[in-house]
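# Examining the three-dimensional arrangement
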Amino acid sequence: MWFGSWSDLMRVVLVGAAAYLWLVVVLRISGKRTLAKLNAFDLVVTVALGSTLATILLSSDVSWSEGAVALVLLAALQYLAAFVSSRRPRVRTVLTADPTLLVEDGVLLDRALAQQRVSPGEVRQAVRASGFGDLAQVAAVVLETDGSFSVIACEQRGDGSAFQDVARPADDDRRPDTHDGDRR
């Protein structure tokens, strides 16, 4: 259907503008963490906020007040989860993944790659994107909780204190990058 009615269009404009402004207010009150991409839980909340806003805009079955309450509920749940997980390590382990070491001293960690379902080619791409042409120049590649790669150069390692919460599979098979059949 190309056109329903003028009243349907006006509902989208008026309710959409009100819902958008309400979402901005909710996000300003709830703080930066609500839209942070720190972990999978934060991503779920961000997607849910967008989906809720779209539903408020397009579904005449959902009133503005119901949508407003839903947006506040999502922001409040995210705030509560972030608050509790920052104070209770056990809750944090349920809601978030640990960062994982994928390369150590220029050597790919096969078990970690397999557990995280990351190919050697993806790691090499992250290394190249960081400006390195040789894995030997890389002290570590870490798969962060948000799915991004952190590439640390050998000369930037320092005392290694930033690695204390990084998981490394026990008895990992270390192998130099052999450039085997993983070309893209």
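For the structure given in this document, a descriptive report is provided here.

Basis of the calculations
- Counting starts from 1 at the beginning of each chain's written sequence and moves along it residue by residue.
- Selection of residues for local features in this predicted model requires a pLDDT of at least 70, selection of side-chain atom pairs for listing and counting requires 80 or more, and totals for whole chains, interfaces and linings are taken over all residues.
- To obtain the side-chain values, all non-hydrogen atoms of the structure were used and water was disregarded.
- Where helices and strands are cited, they refer to DSSP runs of H or I of at least four residues and of E of at least two residues respectively, numbered from the N terminus.
- By definition here, a helix of n residues has an expected span of 1.5 Å times n minus one.
- Only protein chains enter the calculation, and the probe is 1.4 Å; a residue is then buried if its accessible area is under 20% of its type maximum, exposed if over 50%, and partly exposed in between.
- In this description, the arc belongs to the directions extending from the helix axis to the C-beta atoms.
- Any two residues whose heavy atoms approach within 4.5 Å are treated as being in contact.
- Any pair of nitrogen or oxygen atoms within 3.5 Å is treated as a polar contact; in protein, a donor-acceptor pairing is required on top of that, and neighbouring residues in sequence qualify only through side-chain atoms on both sides.
- One requirement defines pairing of two strands: DSSP has to find at least two bridges between them.
- Exposure above 30% relative accessible area and the lack of any salt bridge qualify a residue for a patch; like charges then connect within 9 Å, and the nonpolar side chains Val, Leu, Ile, Met, Phe, Trp and Tyr within 5 Å.
- Per-residue and other accessible areas were derived by the Shrake-Rupley procedure at a 1.4 Å probe size, with only the shown protein chains allowed to occlude residues.
- For this analysis, a salt bridge means a side-chain nitrogen from Lys or Arg found within 4 Å of a carboxyl oxygen belonging to Asp or Glu.
- Any pair of Phe, Tyr and Trp rings, taking the six-membered ring for Trp, is counted once the centres come within 6.5 Å. Such a pair is stacked with planes under 30 degrees apart, edge-to-face with planes over 60 apart, and tilted for the rest.

### Re helix α2 (residues 40-58)
Its 19 residues give α2 an end-to-end C-alpha distance of 27 Å, which sits within 8% of 27 Å, the value for a rise of 1.5 Å per residue. Considered for burial, the residues of α2 that qualify are D42, V45, L49, T52, L53 and I56. Along the axis of α2, the buried positions cluster into a sector of 100°, meaning they face one direction only. Looking at α2, the residues exposed on the side facing more than 90 degrees away from the buried face are A40, L43, V44, V47 and L58. In this fold, the buried residues of α2 make contact with α1 (6-30) and α3 (64-87).

### Considerations on the side chain of D42
Its location among the elements puts D42 in helix α2. With a relative accessible area of 0%, D42 lands in the buried category. A polar contact is formed between the side chain of D42 and the side chain of Q78, at a distance of 2.7 Å. In contact with D42, not counting residues within four places along its chain, are R33, A36 and Q78.

### Things to note about the pairing of strand β3 (residues 138-143)
Most of β3 is tucked away, with six of its six residues classed as buried. Here strand β1 (residues 100-104) runs beside β3; their pairing, made up of four bridges, is antiparallel. Considered in β3, the bridge of T100 is made with L143. Where β3 folds back on strand β4 (residues 149-153), the antiparallel hairpin that results is connected by five residues, among which G147 adopts a positive phi of roughly 90°.

### Notes on unusual backbone geometry
Residues other than glycine seldom take positive phi values, yet D105 does so here, at roughly 50°. Within the secondary structure, D105 is located in the loop between β1 and β2 (107-109). Note on D105: relative accessible area 40%, which makes it partly exposed. A positive phi angle, near 55°, is found at R117, a position not held by glycine. Inspection of the secondary structure puts R117 in the loop between α5 (110-116) and α6 (120-129).

### Overview of a nonpolar patch on the surface
A cluster of nonpolar side chains, contributed by W2, F3, W6 and L9, occupies part of the molecular surface with about 620 Å² of accessible area. Within the secondary structure, L9 sits in helix α1. Looking at L9, the relative accessible area reads 40%, which means it is partly exposed.

### Side note on the packing of aromatic side chains
The geometry of an aromatic ring pair is captured by the separation of the ring centres together with the interplanar angle, meaning the angle of the planes. In total, this model carries three aromatic pairs according to the counting rule given. Seen from their ring centres, W22 and W64 are 6.1 Å apart, and the 65° between their planes marks the pair as edge-to-face. Taken together, the residues W22 in helix α1 and W64 in helix α3 connect sequence positions 42 residues apart. Under the relative-accessibility criterion, W22 is labelled partly exposed at 29%. Taking the relative accessible area as the measure of exposure, W64 reaches 33% and is therefore partly exposed. Here the aromatic rings of Y79 and F83 are separated by 6.3 Å at their centres, their planes lie at 15°, and the arrangement is stacked. Residue Y79 and its partner F83 are both found in helix α3; the two are separated by four residues, about one turn of the helix.

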